[in-house]
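Results of the structural survey
Next come the chains, spelled out residue by residue.
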Amino acid sequence: MADNNNFVFKGNICYSEDIHLLRTVEQGYLVCLEGKTEGVYKELPEQFLNLPLTDWGDMLITPGLTDLHIHAPQFSFRGLNMDLELLDWLNTNTFPEEAKYIDLDYAKKAYQIFADTMKRSATTRACIFATIHRPATQVLMDLMEETGLRTMVGKVNMDRNSPDFYCEKSPKESERETIEWLEQVMSKYKHVSPILTPRFIPSCTDELMERLSRIQKKYKIPVQSHLSENKSEITWVKELCPASKFYGDAYDQFGMFGKPAKTVMAHCVYSTDEEIDLMKKQGVYIAHCPESNTNLSSGIAPVRAYLDQKMNIGLGTDVAAGTGESIFRAMAEAVSVSKLRWRLVDESLKPVTMEEAFYMGTLGGGSFFGKIGSFIKGYEFDALILDDSSLPHPQPLSLKERLERFIYLSDDRHIKGKFTEGSRIF
Ligand code: XAN
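Residues numbered from 1 in each chain as written. Predicted model: local features only at pLDDT ≥ 70, side-chain atom pairs only at ≥ 80, totals over all residues. Heavy atoms only, no water.

In plain terms, the rule: UniProt positions are given in the numbering used here, feature names are shortened, and annotations may be inferred rather than shown by experiment.
The protein chain has the name Guanine deaminase in an unreviewed UniProt entry, where Lacrimispora algidixylanolytica is given as its organism. Recorded under Cofactor (unreviewed entry), the UniProt text for the protein chain is reproduced unchanged: "Zn(2+)".

As structure tokens, then:
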């Protein structure tokens, strides 16, 4: 196995060149130079013959996957109490669980399980919510750094509408803790960086948003939050922010809704035309979280409309509203829920195809991190080695069919190797 960042892989290569072009190369050569993709070739060009070559046999080689939205502290209650809608679910399950992370021993144990699982998963990049606790957030960042994955991690900000045991005492305290956290982590890690994380508008007073906006401008860090997920939530935002024209406007008033602040918003199930227009104008990313939207009966996002309008969109698992960390599963769910929406809600919005779902889980979401999620020349070399030999089929299948089956039928045991920027994670 190659031990530096210049090498060649041989195998069955599958990647999105753009949303409509899934490129597959049987027994092709994938060249990595200095941690970046140099090219994909049917025959290996002469100038690369001297590089170390790993032949992965009949396995599939794909880009690493990006999870644009996951809550690390919620990993511990996956699969529990899934019978509520968003706002009740937050009060009954989420806030009490997240409050436990004030205890560093608990945080270390729980975050170690999360980090180990993420390491073994197909995900190479992720945007991660922590909790309001600065020390525990740093523990999570330390553990994520050890995994080698490239992640953005956010200390959550919230100063209203949650129980006393899980609410920052004032906007000032939230600001102070955030600045202290940023001072400690800004240049501490190679692979982990901070992302500003106002939980959602119902959790953040205007004064807190104002203070966070100043922090965003000073430190120039990206922003992650939630948007237009649930009907009761949207009604509540209207009551809380009578001056805002729509939900996204409540973030935009504080400069935390896209350009110049790189922003990813989870869900966007009920975004209005005005909200969509502003997202397009300011390049806001959508983290589509189909399993979460089903589990919390939030609804089904109109992903076909977002794709057709060329919006920035990727996939999120949204653990624990989503039950698992698999972005392959999120791809399958994105197709499934879009078919239900087409059948039951709006026949003019055609279902999401497998190629589009794969694009969202790789190149679509990956672009939030830069040149990530493809084997186009110059892209960071994030790659997966996938073994589908234990998913036999009576007939020979095309690479596209094998990839599709992998998306639906595989689990982490089928992942034989994972690389970020040319370095092996496992
Ligand atoms: N809005 C949310 N939505 C969700 O799916 N999970 C959360 O933890 C959350 N907080 C606000």
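Read on for the rest.
1. Some words on the environment of Phe328
Inclusion rule: Secondary structure elements are defined from DSSP: runs of H or I of at least 4 residues count as helices, runs of E of at least 2 residues count as strands, and each element is numbered from the N terminus. Between two residues, a contact is recorded if the distance between any of their heavy atoms is within 4.5 Å.
Tracing the backbone shows Phe328 in helix H11 (residues 327-344). Once residues within four sequence positions are removed from consideration, Phe328 is found in contact with Leu65, Ala122, Leu384, Leu386, Phe406, Ile407 and Ser410.

2. Here's the deal with helix H3 (residues 134-147)
Inclusion rule: In this scheme, a helix's expected span is set at 1.5 Å multiplied by one less than its residue total. When a residue's accessible area, from a 1.4 Å probe over protein chains only, is under 20% of the maximum for its type it is buried; when over 50% it is exposed; and in between it is partly exposed.
The terminal C-alpha atoms of H3, which comprises 14 residues, lie 20 Å apart, in line with the 20 Å expected from a rise of 1.5 Å per residue. For H3, the tally of buried residues reaches 11 of 14 residues, placing the bulk of the element in the interior. Looking only at H3, the buried set comprises Arg134, Ala136, Thr137, Gln138, Val139, Leu140, Met141, Leu143, Met144, Glu145 and Thr147. At the exit of H3 stands Gly148, carrying a positive phi of roughly 85°.

3. Let's talk about the pattern of salt bridges
Put simply, the test is: The salt bridge definition used is simple: a Lys or Arg side-chain nitrogen within 4 Å of an Asp or Glu carboxyl oxygen.
Within the structure shown, the criterion is met by 23 salt bridges. Across the pair Arg150 and Glu421 runs a salt bridge, and its minimum N-O distance is 3.1 Å. Of the two residues, Arg150 is situated in strand S7 (residues 150-154) and Glu421 in the loop between strand S16 (415-420) and strand S17 (423-424); the sequence distance between them amounts to 271 residues. Each of Arg125, Arg150, Asp382 and Glu421 takes part in one network of salt bridges that share partners.

4. Some details on the site of the ligand
Test applied: By convention in these notes, a residue is near a molecule or strand provided one of its non-hydrogen atoms lies within 4 Å of it. We call two N or O atoms a polar contact when they sit within 3.5 Å, provided that within protein one can donate a hydrogen and the other can accept it, with sequence-adjacent residues counted only if both atoms are side-chain atoms. The Shrake-Rupley method, run with a 1.4 Å probe sphere, supplies the accessible areas, and residue values consider only the shown protein chains as cover.
Around the ligand, the surrounding shell consists of His71, Gln74, Leu86, Trp89, Leu90, Arg199, Phe200, His226, Glu229, His267 and Asp318. His267 is positioned with one of its side-chain polar atoms (N or O) 3.4 Å from an oxygen atom of the ligand. Computed on the free molecule, the ligand has an accessible area of 280 Å², of which 100% lies beneath the protein chains in the complex. Element by element, the count of residues in the shell around the ligand is highest for helix H1 (residues 86-99), at 3 residues.

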